[in-house]
Amino acid sequence: MAEVYAAKTRGIGGFEKIVAIKVIHPRYSEDEHFVQMLVDEAKISVLLTHVNVGQIFDLGCIDDTYFIV
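Presented here is an overview of the structure given in this document. (Residues numbered from 1 in each chain as written. Predicted model: local features only at pLDDT ≥ 70, side-chain atom pairs only at ≥ 80, totals over all residues. Heavy atoms only, no water.)

1. Remarks on the sheet that holds strand 3 (residues 59-62)
Then, in step 1: Across the sheet, 4 strands lie side by side as 1-2-4-3; this open sheet has antiparallel pairing. Whereas interior strands pair on both sides, the edge strands pair on one side only; in this sheet they are strand 1 (2-10) and strand 3. In this sheet, neighbouring strand axes are inclined to one another by 30° on average, regardless of whether the strands run parallel or antiparallel.
Then, in step 2: Pairing of strand 2 (residues 16-24) with strand 4 (residues 65-68), which is carried by 2 bridges, proceeds in the antiparallel orientation. For valine 23, the partnering residue across the bridge sits in strand 4 and is phenylalanine 67. (Pairing = 2+ DSSP bridges. Helix = DSSP H or I, 4+ residues; strand = E, 2+ residues; numbered from the N terminus. Axes fitted to C-alpha atoms, helices over the stretch in contact; angles between N-to-C directions.)

2. Observations regarding the nonpolar core
Then, in step 1: Core analysis: the biggest nonpolar cluster contains 7 residues, these being Ile24, Phe34, Val35, Leu38, Val39, Ala42 and Ile68.
Then, in step 2: Considering each element in turn, this core owes the most residues, 5 residues, to helix 1 (residues 32-45).
Then, in step 3: Apart from the residues within four sequence positions on either side, isoleucine 24 is in contact with Met1, Ala2, Ser29, Phe34, Val35, Leu38 and Tyr66. (Core = buried A, V, L, I, M, F, W, Y, C linked by side-chain atoms within 4.5 Å. Buried < 20%, exposed > 50% of the residue type's maximum accessible area, 1.4 Å probe, protein only. Contact = heavy atoms within 4.5 Å.)

3. As for the packing of aromatic side chains
Then, in step 1: The full count for this structure, using the stated rule, is 1 aromatic pair.
Then, in step 2: Seen from their ring centres, tyrosine 28 and phenylalanine 34 are 4.3 Å apart, and the 40° between their planes marks the pair as tilted. (Phe/Tyr/Trp six-rings, centres within 6.5 Å; stacked < 30°, edge-to-face > 60°.)

4. A closer look at the pattern of salt bridges
Then, in step 1: In total, this model carries 3 salt bridges according to the counting rule given.
Then, in step 2: With a closest N to O distance of 3.6 Å, lysine 8 and glutamate 16 form a salt bridge.
Then, in step 3: Taking relative accessible area as the criterion, glutamate 16 reaches 43% and is therefore assigned partly exposed.
Then, in step 4: Of the charged contacts in the structure, one is a salt bridge between glutamate 41 and lysine 22, with a shortest N-O distance of 2.8 Å. In this pair, glutamate 41 sits in helix 1 while lysine 22 sits in strand 2, placing the two residues 19 residues apart along the sequence.
Then, in step 5: Residue class for glutamate 41 comes out partly exposed when judged on its relative accessible area of 30%.
Then, in step 6: In this structure lysine 22 comes out as partly exposed when scored by relative accessible area, which is 22%. (Salt bridge = Lys/Arg side-chain N within 4 Å of Asp/Glu carboxyl O.)

Have a look at this one:
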């Protein structure tokens, strides 16, 4: 359904943070059911705080590609 990438954000003063980016597979981007599952995953995950659960920093869509950071 999706691919996960490791990425690094950069800020001022050498600030860096490693993040994971989950991108919905292009063939599922047109299927509202799969898009809604990704949105629901982000909405549920953002409510959780635990060392074994990654934080949600962003949910978005660029050029019909949906993603969670």
